[in-house]
Amino acid sequence: HAFKPDATVHSVCGYCATGCSLKVHLKSGHAVNLSTHTDYPVNLGMACPKGWEALTPLAASDRATIPLLRGRNDELEPVSWGDAMDAFCGRFKSIQEEHGQASVAFLSTGQIVTEEMAFLGSLAKFGMGVVHGDGNTRQCMATAATAYKQSFGYDAPPYTYQDFEESDVLIFVGANPCIAHPIMWQRVMRNQREPEVIVVDPRKTETAMAATQHLAIQPKSDLALFYGLAAHLVQMDAVDQDFINAHTEGYQAFVDFLKDYSLETATAATGLDYAQVSQLARLIASGKRVSFWWTMGVNQSYEGTRLAQSLINLALMTGNIGKPGTGANSITGQCNAMGSRLFSNTTGLLGGRNFESEQDRNAVADILSIPVAKIPDQPSLAYNEIIDAIEAGTIKGLWLIATNTAHSWINQKRFRRVREKLDFLVVQDMSYSTESAEIADLVLPAAGWGEKEGVFINSERRIGLTRKVSQAPGEALSDFNIFRLIAHHWGCAELFEEWTSPEAVFRILTRLSQGMPCDITGIQGYADLERAGGIQWPYQRPEGGARLQTQRRLFEDGKFYRPNGRAKFYFEAPRAMPEPVNEAYPFILLTGRGTSSQWHTQTRTGKSDVLKKLYPKNPYVEINPVDAQALQIRPNSKVCIRSRRGEVEATAVILASVQVGQVFMPMHYRITNQLTASVFDPYSKQPSYKACAVTIHNI
Ligand code: SF4
């Protein structure tokens, strides 16, 4: 009976943006095990391996349990929280005094709860006078956010997960939900409408194998494909003219632009058969419920914003939006990327507002009862621009919170070189052994998922509650309490007197949402979220005590968030690949998620013996059998992969998952981003991780 639970709480999982709810079973207030939550409208009783193992990393041996400060002999040495705060405030303040307010920046995350994100962004920008801060969501969701803002007038993924089950044609582009969002894929499997499932991806992924059709396009030919399809729909008069007339703008200009495109141009660009492309056009034109879904294959591209908008355009011109089973639907990556997109106060002001807008600054100052002069009137530099500014010597102090830049940032060796230009690097994380913590000047030990409470916002805009079910080890503090401590030591605590607990901040966030598209003023506290099984934004309280709603789709009334209420068509001619293959670098390197059992840089999932058994420990590269034969590479032999940025070793996996001339490496290993190139989408500034030129040979 020692471990027999005496209580159970519901808590949203802290890995991916599916936002599954888990039942955590407690003994004397401490988690002993977990099971899944059958009534939650997201996961309906399911969880993937990471969710089942969610408690394991909390007991990892490399947990940061005490602040560490780099000492005279260049080693990280334990110090008290008081000394850590003296170092944090003393060093950052002296950098700001010498080099200006904007010389200290922060890089945040989609992994901490929304209340912490809001506190971090507000503390840094309103309290510490920091001007530049961005998040690791720049690496995953910036493209979707930019595309939605331009096309719809607000960063608003329109769908609900029910749409997976209510669609007749599901088109997944650069997405592998079988392993990246396994529970969303289970929702597709529950679809009783015998749907067509189309996967557009250069690689034969797990999802491509399970689909009814796989369109194995050449890398980065997707924009030409979707413009060709759009042109064909126009030519066939297979568009929803009533919807276009009533709810969009810029259609005629789009039609004019499409004159250079056709199914033939799409076929030539993609390497697909004409029959495959015309079959896809027929499916989109069929009048059935068509939904478009994308993740990193679209977002992590040098032309990602226009690519996402080419899918948005297809949905708009066929009227496939605002109805069951439809939509132009970006699937988010991290558990709280959606929270970050609205409330992190990094590149956008709290609530999806703009720092440049005087009206927005006044509104936020009023709601928070702070002087408006405390709010910067210029937008933040984006992640890549912060790295550039460090290299240029204008940013001298950097604070990383729950992100592992030294592993995950594109062209990794460059970040390592750039780091040397920093006078002070602070890493706040639950582990002292991340690649970023190892090179920090100060490590602040943070509580992890399960050791604190707050809300995550998932891909379908559902706000779900995550609970404290375990005590953080040693002297580790929740990020929330670290921010309170910093506010006190920095001398700006008077700005945050009301920010006493995560739930108090949640109530502030509901006020900040008032009148915005994400208005959640109807949620009165955590108890509402618990009772309803999460609540999707927007949410105003139903009249007369009506039942709290469980599913909410956007744009059902055809009204978009742009000032004239219409969605706008955006388009631009495809650009050449920044790094095409040549004689010296004849292969295209594709990168991505390799398994459902590991998460990003493995700082948590790498601590679970169960999850480790489900995934190869050592880096591997997938090579097509034809290429392997030509290069005399044998299965499981060691090969060298080299790009213009560096070279790494990996085990050869000979597999026709990749096409001839392409190789694939998962992102979970620390070496992969030594190869990737510093290339970015010009609008979203998102890194283009997916396609760079490499050469490969036996070792
Ligand atoms: Fe957690 Fe995502 Fe797995 Fe659900 S699918 S259990 S949210 S990692």
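The rules we used
Residues numbered from 1 in each chain as written. Predicted model: local features only at pLDDT ≥ 70, side-chain atom pairs only at ≥ 80, totals over all residues. Helix = DSSP H or I, 4+ residues; strand = E, 2+ residues; numbered from the N terminus. Rg over C-alpha atoms; globule rule 2.2 N^0.38 Å. Buried ≥ 20, exposed ≤ 12 C-beta atoms within 10 Å, placed from the backbone. Contact = placed C-beta atoms within 7 Å. Domains from an automatic or database assignment. Nonpolar A, V, L, I, M, F, W, Y, C, P; charged D, E, K, R; others polar. Near = placed C-beta within 6 Å. Pairing = 2+ DSSP bridges. Axes fitted to C-alpha atoms, helices over the stretch in contact; angles between N-to-C directions. Parallel < 35°, antiparallel > 145°, perpendicular 65-115°, else oblique. Left-handed = near helix turned anticlockwise from the far one by under 90°. Right-handed = clockwise from strand over helix to strand, strands pointing away.

Q: Teacher, can you tell me more about the overall build of the chain here?
A: Summing up its helical and strand segments, the chain has 26 helices and 26 strands in all. The C-alpha atoms of the chain give a radius of gyration of 24 Å, which matches the 27 Å a tight globule of 699 residues would have. In terms of principal-axis extent, the alpha carbons of the chain reach across some 70 × 70 × 60 Å. Buried positions account for 57% of the 699 residues belonging to the chain. Sequence-distant contacts, at least 24 apart, represent 73% of the contacts inside the chain between residues at least 6 apart.

Q: Explain the domain arrangement of the chain to me, please; I cannot follow it from the model alone.
A: It is common to report an interface's size as the accessible area lost on association of the parts. Here the chain is described as being made up of domain 1 (7-59), domain 2 (68-139 + 338-494), domain 3 (144-330) and domain 4 (587-698). Averaged C-alpha coordinates put domain 2 and domain 4 at centres separated by 30 Å. Domain 2 puts 17 residues into the contact, and the matching count from domain 4 is 16 residues. Contributing elements (two or more residues each) for the side of domain 2 that touches domain 4: α18 (383-392), α19 (405-408) and α20 (412-419). When its residues are assigned to classes, the side of domain 2 that touches domain 4 shows four nonpolar, nine polar and four charged.

Q: Would you mind showing me how to read the site of the ligand here?
A: Surveying the vicinity of the ligand reveals 14 residues, the closest of which are C13, C16, C20, C48 and G51. Mapped by element, the contributors of at least two residues to the shell around the ligand are α1 (49-52) and α7 (182-189). For the shell around the ligand, the per-class residue count stands at eight nonpolar, five polar and one charged.

Q: Mind showing me how you'd approach the sheet that holds strand β17 (residues 454-457) here?
A: Whenever strands of a sheet pair, they do so through backbone hydrogen bonds, lying parallel or antiparallel. Read from one edge of the open sheet, three strands run β17-β18-β19, paired in antiparallel fashion. At either end of the open sheet lies a strand with only one pairing partner, and these are β17 and β19 (535-536). Alignment of β17 against strand β18 (residues 462-466), held across four bridges, turns out to be antiparallel. Considered in β18, the bridge of G454 is made with T466.

Q: Can you walk me through the sheet that holds strand β15 (residues 424-429) in this structure?
A: Strand order across the open sheet formed by seven strands is β5-β4-β16-β15-β14-β6-β7, with mixed pairing between neighbours. Single-partner strands in this sheet number two, and they are β5 (76-78) and β7 (132-135). Looking at each pair of strands side by side, their axes are set apart by 15° on average, direction ignored. Pairing between strand β14 (residues 397-401) and β15: five bridges, direction parallel. Within the sheet, the bridge partner assigned to I401 lies in β15 and is Q428.

Q: In this structure, what is going on with the pairing of strand β9 (residues 196-200)? I would like to understand it.
A: Walk down a regular strand and you will see the side chains alternate between the two sheet faces. For β9, the buried fraction is high: four of the five residues fall into the buried class. Where strand β8 (residues 169-173) meets β9, five bridges bridge the pair, whose relative direction is parallel. The residue of β9 that forms the bridge with F172 is V199. Pairing of β9 with strand β10 (residues 213-215), which is carried by three bridges, proceeds in the parallel orientation. In the strand pairing of β10, V200 is matched with L215.

Q: Could you clarify how one ought to interpret the packing of helix α9 (residues 222-235) against helix α12 (residues 263-270) in this entry?
A: Each packed pair of helices is defined by two parameters, the angle between the axes and the distance between the axes. Running from N to C, α9 and α12 cross one another at 165°; their axes reach a closest spacing of 7 Å. In terms of their interaxial angle, α9 and α12 are classed as roughly antiparallel. As for how α9 packs across α12, the hand of that crossing is left-handed. Contacts between α9 and α12 involve A224, L225, G228, L229 and H232 from the former and L263, T265, A266, A269 and T270 from the latter.

Q: What should I look at first to understand the environment of A216 in this one?
A: Among the secondary structure elements, A216 is positioned in the loop between β10 and α9. With 18 C-beta atoms packed within 10 Å, A216 lands in the partly exposed category. Leave out the neighbours within four places in its chain, and A216 touches P202, K204 and Q659.

Q: Before we go on, may I ask you to explain the pairing of β7 in this structure?
A: Burial along β7 is two-sided: H132 and D134 facing one way and G133 and G135 facing the other are all buried. For strand β6 (residues 104-108) and β7, the ladder comprises four bridges, and the chain directions are parallel. Its bridge partner being in β7, A105 is matched across the sheet by H132. With respect to chirality, the unit in which β6 leads through helix α3 (residues 114-127) into the neighbouring parallel β7 is right-handed.

Q: Whenever I open this one, unusual backbone geometry confuses me. Can you help?
A: When glycine is set aside, most residues are seen to have a negative phi, and most peptide bonds are trans. Cis geometry marks the peptide bond from W537 to P538; its omega dihedral reads 0°. As for its position among the elements, P538 is in the loop between β19 and β20 (567-568). Residues other than glycine seldom take positive phi values, yet D237 does so here, at roughly 55°. Looking at the element boundaries, D237 is found in the loop between α9 and α10 (241-247). With 8 C-beta atoms counted inside 10 Å, the residue D237 sits in the exposed group. The residue A402 is not glycine, and still its phi comes out positive at about 50°. Following the sequence through the fold, A402 ends up in the loop between β14 and α19. A402 gets classed as buried once you count the C-beta atoms within 10 Å, which come to 25.

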